[in-house]
Amino acid sequence: MTAEEVASDGQSIPIEGEDITLKKDGGVLKLVKREGTGTELPMTGDKVFVHYVGTLLDGTQFDSSRDRGERFSFELGKGQVIKAWDVGVATMRVGEICQLICKSEYAYGSAGSPPKIPPHATLVFQVELFDFHGEDITEDEDGGIIRRTITKGEGYAKPNEGASVEAHVQGTYEGRVFDDRDLKFEVGDGESLDLPLGVEKALQAMEQGEESLFFIKPKYGFGNAGRLKFNIPPDATLQYKITLTKFEKAKESWEMNTSEKCEQSVIVKEKGTQYFKEGKYKQAVMQYKRIVSWLEHESSLQGEEEEKAKALRLAAHLNLAVCYLKLQEANPALENCNKALELDTNNEKALFRRGEALFLMKEFDQARGEFQLVMQLYPTNKAAKSQVLRCQKNLKEQHEKDKRLYANMFQKFAEKDAKKETKQAKKESDGAMEIEENGAREQTAA
């Protein structure tokens, strides 16, 4: 496509390129200056890294990342840049350099961007694409779940914990499809359907109608156990293509009254207990956490309702503690024991599990103190007595180990000192001999 634009100085400037707008309204024209490599294009949500030079039609430069000496990055299709860029960069390959002619409707419109860009200005950008990668959707941004959006969804709402979802999931490992199903379930129940945790976290980041690819690392996949049913080995990185067809959000805490929170907490507690019995500790944790989030800051409780909510919170913290112990995660186990003891100062289970958490942290002396307190308050608790003996055994072993360590250390210091002394004695001896030889020479000369 070739056209002419009249610049501010009255000159007619030829403009050429392919119309890459969806509406084919000539709003963004693209001319490739240098071909890129590969066949893959950036997708919505990808972080892209570019250099650009922006000019008006008369050639006046108004911005340049090259002049600043640093590449510019943004998330594609998220409205972080002018519309023309979201349209144009989505058509580029790594290494490509292109020219984008952007009409004002796809740039800064009737307002412009004073003082450099006047109203209704058509802009020219030379853009080079260096790299792009998917969107990290994990809370910790640890790269464990990366999304590549194929088709953007509708609206802004996303499924929450407990939401009812309808989705199609296709799991792939090293090019082999191992799972391909239409599913309807509640977020939080995925483990019972042989879905890894990463799939549920992926769904909670999606909009209705969205289709995306997710690259899921072992931590959020089937971990170091793998999944025999699907012939997935330990520590496997998985790929899932997910389409979220439909969902209905679960009620948030603020949408429920106190009675509803208590009723839902009872249901969720039973669900968590079932997961625990099946050895699905991560899924159990998710259920018990919901109880805490609903009831922890509820201040309008009175009488019987208050006691019921307190009992549910206590049970949730105790159960979270034991789940984390099973998962060998000492810190959150200890934290939940402390929360339980805030609700019930001398709770037998909380004290015992706090001892177990401290033992897991190799704090044997503190752990022994906890188990001794349990014995003092609950003399019939035989398990506490066994744990005290276990702590003492580990303290003894630790003491013996320290003794050996320090003995070796002192031996090394002693050997080092002895070497120093020998070296010093030799030095002094050599010095004395030298004095004697010099004295003999002086006598001879005399």
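Residues numbered from 1 in each chain as written. Predicted model: local features only at pLDDT ≥ 70, side-chain atom pairs only at ≥ 80, totals over all residues. Heavy atoms only, no water.

S.K.: What is the right way to read the side chain of Ser-265 from this model?
M.R.: Residue placement: Ser-265 occurs in helix 4 (residues 258-277). With residues up to four places along the chain from it excluded, the contact list for Ser-265 reads Ile-291, Trp-294, Leu-295 and Leu-312. (Helix = DSSP H or I, 4+ residues; strand = E, 2+ residues; numbered from the N terminus. Contact = heavy atoms within 4.5 Å.)

S.K.: What should I look at first to understand the pattern of salt bridges in this one?
M.R.: Pairing between side chains becomes possible if they bear opposite charge and their charged atoms approach one another. A full pass over the atoms with the stated rule returns 27 salt bridges. Of the charged contacts, one joins Arg-147 and Glu-135 as a salt bridge, the two residues approaching to 3.0 Å between their closest N and O atoms. Of this pair, Arg-147 sits in strand 11 (residues 145-151) while Glu-135 sits in strand 10 (residues 135-136), and the two are 12 residues apart along the sequence. Judged by relative accessible area, Arg-147 falls into the buried class, the value being 7%. For Glu-135, a relative accessible area of 15% gives the class buried. Across the pair Glu-252 and Lys-249 runs a salt bridge whose closest N-O atoms are separated by 3.8 Å. A relative accessible area of 28% means that Glu-252 is categorised as partly exposed. Each of Glu-75, Lys-78, Glu-135, Arg-147 and Glu-210 takes part in a single network of salt bridges with overlapping partners. (Salt bridge = Lys/Arg side-chain N within 4 Å of Asp/Glu carboxyl O. Buried < 20%, exposed > 50% of the residue type's maximum accessible area, 1.4 Å probe, protein only.)

S.K.: Help me out: how do you make sense of unusual backbone geometry in this one?
M.R.: Keep in mind that most residues, glycine aside, have a negative phi and that most peptide bonds are trans. Cis rather than trans, the peptide bond between Pro-114 and Pro-115 has omega equal to 5°. As for its placement among the helices and strands, Pro-115 is situated in the loop between strand 8 (97-102) and strand 9 (123-133). Positive phi, close to 60°, is recorded for His-120, a residue that is not glycine. At Asp-194, a position not held by glycine, the phi torsion is positive, near 65°. Assessed through its relative accessible area of 17%, Asp-194 is described here as buried.

S.K.: What am I meant to see in the packing of aromatic side chains here?
M.R.: Within a pair of aromatic rings, the relevant descriptors are the distance that separates the centres and the angle that separates the planes. Scanning the model with the defined rule gives 15 aromatic pairs in all. Plain terms: the ring middles of Phe-222 and Phe-230 are 6.2 Å apart, the flat faces sit at 40° to each other, and that makes the pair tilted. Judged on exposure class, the residue Phe-222 and its partner Phe-230 are both buried. Members of the aromatic cluster, joined through ring pairs, are Tyr-52, Phe-62, Phe-72, Phe-74, Trp-85 and Phe-125. When the ring centre of Phe-130 is taken as reference, the NZ or CZ atom of Arg-71 above it lies at 3.8 Å. (Phe/Tyr/Trp six-rings, centres within 6.5 Å; stacked < 30°, edge-to-face > 60°. Lys NZ or Arg CZ within 6 Å of the ring centre and 35° of its normal.)

S.K.: Just checking my understanding: could you explain the layout of surface pockets for this structure?
M.R.: Taking a probe equal in size to a water molecule and rolling it over the atoms shows the remaining empty space. There is about 830 Å³ of room inside the largest pocket. The wall of the largest pocket is formed by 22 residues, among which Glu-139, Leu-197, Lys-201, Met-286 and Lys-289 lie closest to the centre. Those elements that provide at least two residues to the lining of the largest pocket are helix 3 (197-203) and helix 5 (281-295). By residue number, the principal contributor to the lining of the largest pocket is helix 5, which donates 6 residues. One number sums up the size of the second largest pocket: a volume of about 480 Å³. Looking at the second largest pocket, it is lined by 16 residues, and the ones nearest its centre are Leu-22, Lys-83, Asp-86, Val-87 and Tyr-106. Each residue belonging to the lining of the second largest pocket can be placed in one class, and the counts come to 9 nonpolar, 4 polar and 3 charged. (1 Å grid on protein atoms, 1.4 Å probe; cavity = no way out; pocket = protein on both sides within 12 Å on 5 of 7 lines; lining within 4 Å. Points joined across faces, edges and corners; volume = space filled by probe spheres on them. Nonpolar A, V, L, I, M, F, W, Y, C, P; charged D, E, K, R; others polar.)

S.K.: It is not clear to me how the sheet that holds strand 15 (residues 238-248) should be interpreted in this structure. Could you clarify?
M.R.: Paired through their backbone hydrogen bonds, the strands of a sheet run either parallel or antiparallel. On the basis of which strands lie adjacent, the open sheet formed by 6 strands has the order 10-11-14-15-12-13 and antiparallel pairing. The open sheet has two free edges, formed respectively by strand 10 and strand 13 (176-186), since each of these has just one partner strand. (Pairing = 2+ DSSP bridges.)

S.K.: Is there a simple way to explain the confidence of the model for the protein in this structure?
M.R.: Scored by pLDDT, the protein has a mean of 89; 89% of the residues are at 70 or more. Confidence over residues 6-12 falls short of pLDDT 50; this stretch has 9 contacts with residues more than four positions distant or in other chains. Note that pLDDT drops below 50 for residues 440-446; the model gives that stretch 0 contacts with residues more than four away or on any other chain. (pLDDT = per-residue confidence, 0-100.)

S.K.: Just to check I follow, could you spell out the nonpolar core for this structure?
M.R.: General note: in soluble globular proteins, nonpolar side chains tend to be found buried as a group. By size, the foremost hydrophobic cluster in this structure holds 39 residues, and its most contacted members are Tyr-288, Ile-291, Leu-295, Leu-320, Ala-367 and Phe-371. Going through the elements one at a time, helix 4, helix 5, helix 6 (303-326), helix 7 (330-343), helix 8 (348-360), helix 9 (364-377) and helix 10 (382-445) are the ones with two or more residues in this core. Here this core gets 9 residues from one element, more than from any other, and that element is helix 6. Once residues within four sequence positions are removed from consideration, Leu-320 is found in contact with Val-285, Tyr-288, Lys-289, Val-292 and Asn-336. Judged by nonpolar contacts, the second largest core, of 29 residues, contains Leu-195, Val-199, Ile-216 and Tyr-240. (Core = buried A, V, L, I, M, F, W, Y, C linked by side-chain atoms within 4.5 Å.)

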